Amino acid sequence: MADFRVRSLEPGQTKIRNVPIAVTPEGFWCCPAPVVFQRTIKHQNNQNKQKSSPPRKLNGQKSTNPQGDKRQLAHQLKSQVASEDQKCLASNTCVNTAMTPERVVKANSGNPHPQRKISVGFGKPDTCDLKVVLSGKENIAVRMNVHRSILAEHSSFFAEKLAKQSPVICIEIGDCEDVEIYVEAIGLMYCKEIKQRLIKLSVAHVLRMLKVAEALGFQLCVKSCLDYLEAVPWVGDEEETIVSSIRCLGIDKYGISPILKRVSSDISNPPNDTLARILELVLKSNEEKGRREMKSLVLKLLKENNQWMSGSADICSETLYNSCQICLQSLLLLFREASEPSFVEKDLVKKETITRQISLEADNLLWLVEILSDRHIADDFVVIWANQEELTSLHPKLPIVSRHLVSRITARIFVGIGRGEMLPSKDTRQMLLQVWLQPLIDDYSWLQHGCRSFDCKVVEEGIGRTILTLPLEDQQTMMLSWLGSFLKVGDNCPNLQRAFEVWWRRTFIRPYLEQQGNTLQSDSKFN
């Protein structure tokens, strides 16, 4: 970096603040970083504070405070810069343009918060033939000495303003939201390889540059920004910011579809085939750790989908049910093989293989039921499960260590019905209890002590609530059947005492209360 210093001027001329000039192979250009502006603001604020409370000096003592001299010099420079800007703006050859509502920069000699002036030079100072004045936030005004040929060549905005019949020597852009980036964008007009200038910048900075370049009609800079955004990785929340910014530009104008292809596809149909492939890979995996982690991840992602797509048609219902049917068929075949009399004569390796496959398919079904329940599309699966009479008939023939995971599927369905996540018909609920409650009771002891994630209280509440959704006569049948099992095995049977109390009150107390209520109503009519 080198400092471009303006040569000494004759009395009455305006002095310009020294600014950093970056030396490049293409020539000289100035691109002050935001910190330069912030330092200028801080310096001006300190000056204003010092002016409001000048230091006391002893009588007859000379001033030895260099800061006071600097403040006086800065005040003179500021007044001179404002005077020159006022002359430029008052000239009939100065174009006043605002990107937002129009505003003219005026010298505020009586304003307690005058504008802070920063002067920037581009190229060789002897050849500058145009002034650009930017007024922005924090009451900053930036004056740039530039070359009309450079700006007209690279910016359609400046080309239009400079195409006036009368010669234009000054252009003002009022209410700039991002003065620093405007200065930097004009500096980039002096560079041949803009993309190389962007490569060390952050995504947020490039998006700011893209917005200004679009406003100035700086096509080469816009293309360089888009090339940068297409190639750079996006981190965290950058994706949404980039996509929204890009879509504001319009796809046809700049051909920005390569950037948007990161987040969207040309395929208009829902990605059911992709989901089916993912489910197939997870369900067929034999690596326990990877399968468990991916099941948890896919379940979490589908839950997120359900939150964002609430109320819309489910795009994966058919895919999920196809996977359920495949797992059920495989599970039934394995049950048949494991229940054959000759199975006990097979070698230990074969037995362990069949047992492991049964556990795998049962775990797969349990995972699919969890997905269906979360998406509130599990009613049809309850119907399918309630009609698995062959599976329930083979259930007692298998060792409990092989079959207990199947009972976990039943337990999850009862929990779903109890929570209102599944709303099967009365006949389906009744059939489910008749077909699967006893196998669940048979495996309950193992489930309590052999499955760490098995929550007895939640399952018992789900079973009880399911029973209580039936007509009172069917509730009585199920409760008496449960009572017989509970009195035989005690804690090895689901504890449905809370549901039993509700059924008891409905059966023995409610009729009496209703009869009393009817009697009182009849008596009140006669009275």
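Above this text is the structure in question.
Quantities reported herein were computed from a predicted structural model and do not represent experimental measurements.

## Considering the overall build of the protein
Thought 1: Within the protein, the secondary structure is distributed over 22 helices and eight strands.
Thought 2: Considering the protein as a whole, with its 527 residues, one finds that 42% of them fall into the buried category.
Thought 3: Taking all contacts inside the protein whose residues are at least 6 apart in sequence as the whole, residues at least 24 apart take part in 70%.
Thought 4: For the protein, the accessible surface area stands at approximately 30200 Å², while carbon and sulfur atoms represent 52% of it.

## Some details on the pairing of strand S7 (residues 140–146)
Thought 1: The element S7 is extensively covered by neighbouring structure, given that seven of its seven residues are classed as buried.
Thought 2: By the alternation rule, side chains of S7 split into Ile140, Val142, Met144 and Val146 and Ala141, Arg143 and Asn145, which are all buried.
Thought 3: Bridge count for strand S6 (residues 130–136) against S7 is six bridges, and the pairing is antiparallel. When the sheet's bridge partners are listed, Lys131 is paired in S7 with Asn145.

## Focus on the packing of helix H12 (residues 272–283) against helix H14 (residues 317–339)
Thought 1: Their axes nearest at 10 Å, the elements H12 and H14 cross at an angle of 30°. When the axis of H12 is compared with that of H14, the two are roughly parallel. Remark: the crossing between H12 and H14 carries right-handed chirality. Along the contact surface, H12 presents Asn272, Leu275, Ala276, Leu279 and Leu283, while H14 presents Thr319, Leu320, Ser323 and Cys327.

## Description of helix H18 (residues 400–419)
Since the α-helix advances by 3.6 residues per turn, residues separated by three or four positions end up pointing in the same direction.
Thought 1: End to end, H18 covers 28 Å across 20 residues, agreeing with the expected 28 Å (1.5 Å per residue, within 8%).
Thought 2: Judged by how many residues are buried, H18 sits mostly within the fold: 17 of 20 residues are covered.
Thought 3: Following H18 by one or two positions, Gly420 adopts a phi angle in the positive range, close to 80°.

## Describing the side chain of Ser224
Thought 1: Looking at where Ser224 falls in the secondary structure, it is placed in helix H8 (residues 219–231).
Thought 2: In this structure Ser224 touches Ile194, Lys195 and Leu198, once residues within four positions along its chain are discounted.

About the cut-offs
Residues numbered from 1 in each chain as written. Predicted model: local features only at pLDDT ≥ 70, side-chain atom pairs only at ≥ 80, totals over all residues. Heavy atoms only, no water. Helix = DSSP H or I, 4+ residues; strand = E, 2+ residues; numbered from the N terminus. Buried < 20%, exposed > 50% of the residue type's maximum accessible area, 1.4 Å probe, protein only. Contact = heavy atoms within 4.5 Å. Areas by Shrake-Rupley, 256 points an atom, 1.4 Å probe, with all protein chains shown as cover. Pairing = 2+ DSSP bridges. Axes fitted to C-alpha atoms, helices over the stretch in contact; angles between N-to-C directions. Parallel < 35°, antiparallel > 145°, perpendicular 65-115°, else oblique. Left-handed = near helix turned anticlockwise from the far one by under 90°. Expected span 1.5 Å × (residues − 1).

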